[in-house]
Structure formats: structure tokens, C-alpha cells
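Each chain is listed here by its residues.
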Amino acid sequence: MRGAADPRGAVIVNETIRYALIVLFCSAVGLVAVLANRLTERVKIPVALLVLVGAAVAVHTVPAVQSPSEPTVERVITIALVLVLFDGGMHIGPSRFRAAVVPILSVGVLGTALTAAGAALMLHYVCGISWFPAVLVATAVAPTDPAVVFSVLGKRQIAGRSSTILEGESGANDPVGISLMASLIAAGGLSAAGFASVGTQFVLQMVIGLAVGVLGGRALLVFMRRVALPSEGLYSLRTLASSLLLYGIATLAHGSGFLAVFVAGIVIGDARAPYKPDIKRFHAALAGLAEIVAFAVLGLTVDLNVLVHPDVWIPGLVLGVALTVVIRPLAVGSCLVPVRLQRNERVFILVAGLKGAVPILLGEFLRAAHIADAERLYGIVVVVVVFSVLVQGSSVPGIANLLHLPMRTVEPQPWEIGVRLQDEPEGVHRLHVAPGSAAEGCTIEGLGDRAGDIWVSIVVRATGLVPVRGDTELQAGDEVVVLADPELHDALADLFGAS
């Protein structure tokens, strides 16, 4: 006689199948998101929006797909933002940051506050929303996301300081917006005492976050340079763990953990360290994955039934248009008045302030705090983001061409040549020939006459190597590896930099 089937085995099999389906679904979504980048090159719609809309439709039409809980959403998006901000800081680096520090801080902090104030006024007087919810929604939609801008531009890279300002603005205004929203929700309303509390908490979070970022970034740099690890794969994992550690330290100290990781990324951005190129590629890939995950998770929280209500999509559409054509140009434009910029760069910064994941995350904060009419407010924020990315974002490439903004096409370079050394090389300078620089049009022999005792070892042009001879003439865009005394770094930078 055969024994009865063990129900525990059936449960285990069912759980295994369910988990396999989850893994299959998540990997398929990730693969589709990666391949969708090819589509966005043609339609000029960032893949993040496609993921957001796809997730929202899936949770609305597929019964097996459920919205995640509010704590889960906040935790996932928090980790995603830490990864994105740390990579963004490394991409900027201290040299680019110093060149645009004034506009970055003025636009990222003051510009964000002015944008929120203008949006609150519009929501209250035009849409009839009470002051406190109007301020909350305005604070949610104030931060920008330059990653969406550069996703729309595809392979084209913007010249000048406008790209640095846009990247730095987002890195600064994301922590600013998150800190302001947390302080406003904690205050529970608008009053003199509430504003004093919000101001105190905001300054405290910014100061502590900045301090942890600077000190932590320097400590991390020493850690990276002096402590060897047994495997090269561990070096990237060390910076990942360190960035999360800095977020935790700053947050526990009642500071802005997001600002801390962004500043730490800037501190180590240009510094040389073992396996630094591998570390930067690792974090760039993580940041790209984090952005896709963030929009997928946030898309699962969107209720399409709420978005179709007139009291949701109409205020959202009105606010989106106002932010694009009135509020941001006035708020950010006033901050850029004392900054020396070309007119086309200035205009591009004003029109390229697109919204991303952070506004939707801040809208999720409203739902988690159980603010009155939170679902409607959250829907308004989602409509603003969709309008910004879809309508405003699709026009960015055309506006850039109309403004004759200097751009260059960056083709992927899947092949590389290089050597690895046990000790740090001294006097190795990796330089780019800027258009209009003294190095442009100069021969290798003439370069030595101008710079002194140097040795040009590698010249890369477009996608290939150029033979290094005395009569080889350098062109704008060439990448040159020079062996020279470390004290010649500033002289070489002046020689290769734009006049």
C-alpha cells in the first residue's frame, strides 16, 4: 500500500515554483528595460518612463502583481538613491565641481526653494488647494533628475558647464527636497513655530550631511589607497559598502545621508586609487540598475483609477506646464543672473530641469504619513513627472539643436588597451585635447618644445590608436597619455585646456 503524499513536499514545490516565477518575471523585466534603451534612442523617451508606465499597467491589469507596502517602497528607493547619488558625485569629481560650485549651490538649494514656493502659490491660488498640501506637493515636484535629460540626449554629450550644473543641481536638490519634505511632515502644518522647526532641521541635516560626506570621503580615499585587498573584485564592493555606511552614519547623526554620499562621491571622483576605472564602471552599472528598479517599484504604487479623476490630472497638468514655462525659468533664472554663462547654456539649463524618481518618492512620503487626501496629492505628483518626462523631455534634443548648443557624439568603446602595475605610477597624465587649446594642431615634437621634458606614450583618436611620431599632429578630442614630472600637471592642463 502506497503511503499518502506528504503535504509539506507539495508546499515546498509550490513555493519553489512561485519563487522561480518571480525570478523569471524580474529578470525578464530587467532585460526588456536594458534592451529598451535602443528604442529610446529613436523615440527620445527615457526608458525610466517606459518602466514606470509598464509597472503601473501591470499592477492594474494583472491580478498576480501586487503593490508593495509603503515601508518596502521607501527602503528600496532609499538604497537606489544612495547608489545613484554616489555614482553621480564620482562622475562630477572635485575639479568639475569647483568650476561650477557657485551655480550648483545657488540653483540646487536656493533655486529648489524658489521653485517650491512658486509651485505652492500656483497650486493654492489657481487650483484651490489648501496651503499645507499645496506646499507639500510643491516640495515634492521641485527636485530635478538630469539622468533623464542625458537619457533623452542619447549618445550626445553637452559641452561647457551646463551639463555639470544640471548634474550638480540634481545631486544637491535631491537631499534638499527630501530633507524639506521630512521636516514639513514632522511639523504637521504651517505656522511660525513650524517654519522655525523646519528651518532648524533643514540646516542641521545639511551641515551634518556635508560634514560626514567630506570627512567620510577623505577617509574612504585613504582606505582605498592604503589598504590592499586579496581580490580585485573586492575593491568595488568596498566602495559600495562604504557608501552605504556613510549614509547610515549621517542619518543616525540626524543629517542628510543622501547629501553625505553625494559629497563623498565628489571627494573621491578624480583621485587615483587601485582599480579605480573598474570601481567607476561598477558603480555606473549599479546606478543604471538602481534607476530602473526605482521606477519599476514606484510604478507599482501608481493607481491608474486615481490618475483619471479630473481633480488629479488637471491640477497635475497645469502644474507641469507652469513649472516648465514659468516657475523654473523665473526661479532658476534669477539664481543664474550673476553667473557667467553663454546665453544658449543658460536657456538650456532653464528648460532641461526634468523630473524623475525623487518627486514620486516624496509623494510616497505623503501616503506613508497618511496626509489628508494623500492619494490625490500623490496622483498630482505622478502626473507632473509623466508630463515632464514625456512632453518636456521629448523636446530637449530639438531645443538643444535650436540653441546650437555644443555637443559631441560619444560612441561606446567596448575595447580597451592598458597595463596594470603593482605600485602607483608617478608622473602619468591622461589628458584630452580641448577645442581651441594650445595643444590642438600641435605636433608631438612641438608639444615637447612647449611643455618641456615629457614623453607622449599613447594617442587615441575617435575609436583607434594613432602612431606616436614626432610629426603626429594632435586634433581636438584626442586622448593623450603623457609621462612627465608630476609638477608639470598644471602646465599640461593649461596646454590641453580650452583657451
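Structural data are supplied above this passage.
This report concerns the structure included in the present document. Every residue gets a number counted from 1 within its own chain, in the order that chain's sequence is written. Residues qualify for local features only when their pLDDT is at least 70, as the model is predicted, and side-chain atom pairs are given and counted only at 80 or more; totals for whole chains, interfaces and linings, by contrast, use all residues. The basis for every side-chain value is the complete set of non-hydrogen atoms in the structure, without hydrogens or water.

1. A closer look at the overall build of the protein chain
Here is step 1 of the chain: Summing up its helical and strand segments, the protein chain has 18 helices and six strands in all.
Here is step 2 of the chain: Every one of the 499 residues in the protein chain was classed for burial, and the buried ones make up 46%.
Here is step 3 of the chain: Residue contacts follow a heavy-atom distance rule, with two residues in contact if any of their heavy atoms lie within 4.5 Å. Intrachain contacts of the protein chain at a sequence separation of at least 6 include 79% that bridge at least 24 residues.
Here is step 4 of the chain: Per-residue and other accessible areas follow the Shrake-Rupley method at a 1.4 Å probe size, with only the shown protein chains counted as cover for residues. About 24,800 Å² of surface is accessible on the protein chain, with carbon and sulfur atoms providing 65% of the total. Here a helix means four or more residues in a row that DSSP labels H or I, a strand means two or more in a row labelled E, and each is numbered from the N terminus. The classification of residues rests on relative accessible area computed with a 1.4 Å probe and restricted to protein chains. Under 20% of the type maximum is buried, over 50% is exposed, and intermediate values are partly exposed.

2. Notes on the packing of helix H3 (residues 70–99) against helix H10 (residues 257–269)
Here is step 1 of the chain: Angles shown run from 0 to 180 degrees and are taken between the N-to-C directions of axes, each axis being a line fitted to C-alpha atoms and, for helices, limited to the stretch in contact. Where H3 contacts H10, the axes come no closer than 6 Å and their chain directions differ by 35°. Considering how the two elements wind past one another, H3 and H10 form a crossing that is right-handed. Along its contact with H3, which presents Thr-78, Leu-81, Val-82, Leu-85, Phe-86, Gly-88, Gly-89, Met-90, Ile-92, Gly-93, Pro-94 and Phe-97, the element H10 presents Phe-258, Val-261, Phe-262, Ala-264, Gly-265, Ile-266, Val-267, Ile-268 and Gly-269. Should the near helix be turned counterclockwise from the far one by less than a right angle, the crossing is left-handed, whereas a clockwise turn marks it as right-handed.

3. Focus: the pattern of salt bridges
Here is step 1 of the chain: Here, a salt bridge means any side-chain nitrogen of Lys or Arg that lies within 4 Å of a carboxyl oxygen of Asp or Glu. The tally for this structure, following the rule as stated, stands at ten salt bridges.
Here is step 2 of the chain: For Asp-373, the salt bridge identified is with Arg-376, shortest N-O distance 3.7 Å.
Here is step 3 of the chain: As a salt-bridge pair, Arg-469 and Asp-471 come within 3.6 Å of each other at their nearest N and O atoms. Here the two residues Arg-469 and Asp-471 agree in accessibility, since each one is exposed.
Here is step 4 of the chain: Here the salt bridges do not stand alone but share partners, grouping Asp-311, Asp-373 and Arg-376 into one network.

4. As for the nonpolar core
Here is step 1 of the chain: Grouping buried Ala, Val, Leu, Ile, Met, Phe, Trp, Tyr and Cys residues that are joined through side-chain atoms within 4.5 Å yields what is termed a nonpolar core. Judged by nonpolar contacts, the single largest core of 97 residues is most densely connected at Ile-77, Leu-319, Leu-336 and Phe-348.
Here is step 2 of the chain: Counting residues per element, this core draws most heavily on helix H16 (residues 374–402), which supplies twelve residues.
Here is step 3 of the chain: Apart from residues no more than four positions distant in its own chain, Leu-319 is found in contact with Ala-119, Met-122, Leu-123, Val-137, Val-141 and Val-384.

5. Remarks on the packing of aromatic side chains
Here is step 1 of the chain: Stacked, tilted and edge-to-face are the three classes applied to pairs of Phe, Tyr and Trp rings, where Trp contributes its six-membered ring and a pair requires centres within 6.5 Å; stacked means planes under 30 degrees apart, edge-to-face means over 60, and tilted covers the rest. Counting across every chain of the model gives three aromatic pairs.
Here is step 2 of the chain: A ring pair is formed by Tyr-235 and Tyr-275, whose centres lie 4.6 Å apart and whose planes are at 45°; its orientation type is tilted. Residue Tyr-235 is found in helix H9 (residues 233–252), and its partner Tyr-275 is found in the loop between H10 and helix H11 (276–299); the two are separated by 40 residues along the sequence.
Here is step 3 of the chain: Judged by its relative accessible area of 28%, Tyr-275 is partly exposed.
Here is step 4 of the chain: The interplanar angle of 55° and the centroid separation of 5.3 Å between the aromatic rings of Tyr-247 and Phe-258 together place this pair among those described as tilted. Here Phe-258 lies in helix H10 and Tyr-247 lies in helix H9, a separation of eleven residues in the sequence.
Here is step 5 of the chain: For Phe-258, a relative accessible area of 8% gives the class buried.
Here is step 6 of the chain: Ring-over charges, as used throughout, are those where CZ of Arg or NZ of Lys falls within 6 Å of the ring centre and within 35 degrees of the ring normal. When the ring centre of Tyr-378 is taken as reference, the NZ or CZ atom of Arg-367 above it lies at 4.7 Å.

6. Brief notes about the sheet that holds strand S3 (residues 428–432)
Here is step 1 of the chain: Read from one edge to the other, the open sheet built from four strands follows the order S3-S6-S4-S5, with strand pairing classed as antiparallel. Among the strands making up the open sheet, the edge pair consists of S3 and strand S5 (464–465).
Here is step 2 of the chain: Paired strands, as defined in this entry, are two strands with at least two bridges between them according to DSSP. Bridging between strand S4 (residues 454–461) and strand S6 (residues 479–484) involves six bridges; their strand directions are antiparallel. In the sheet register, Ile-458 faces S6, and the bridge partner there is Val-481.
Here is step 3 of the chain: On top of the sheet, helix H18 (residues 489–496) reaches S3 and S6; it is set at about 15° to S3, its chief contact.

7. Remarks on unusual backbone geometry
Excluding glycine, a negative phi dihedral is what most residues carry, and trans is how most peptide bonds are arranged.
Here is step 1 of the chain: A positive phi is found at Tyr-275, a non-glycine position, where the angle reads about 60°.
Here is step 2 of the chain: Positive phi is not limited to glycine here, since His-404 has a value of about 55°.
Here is step 3 of the chain: Using a relative accessible area of 67% as the deciding quantity, one classes His-404 as exposed.

8. Remarks on the packing of helix H2 (residues 47–61) against H11
The angle between the axes and the distance between the axes are what describe a pair of packed helices.
Here is step 1 of the chain: Two numbers describe how H2 lies on H11: the axes approach to 7 Å, and their chain directions differ by 30°. In terms of their interaxial angle, H2 and H11 are classed as roughly parallel. For the pair H2 and H11, the crossing hand works out as right-handed. Residues Ala-48, Val-51, Leu-52, Ala-55, Ala-56 and Val-59 of H2 form the contact with H11, whose own contacting residues are Glu-291, Ile-292, Phe-295, Ala-296, Leu-298 and Gly-299. Orientation categories follow fixed angle ranges, with anything under 35 degrees roughly parallel, anything over 145 roughly antiparallel, 65 to 115 roughly perpendicular, and all other angles oblique.

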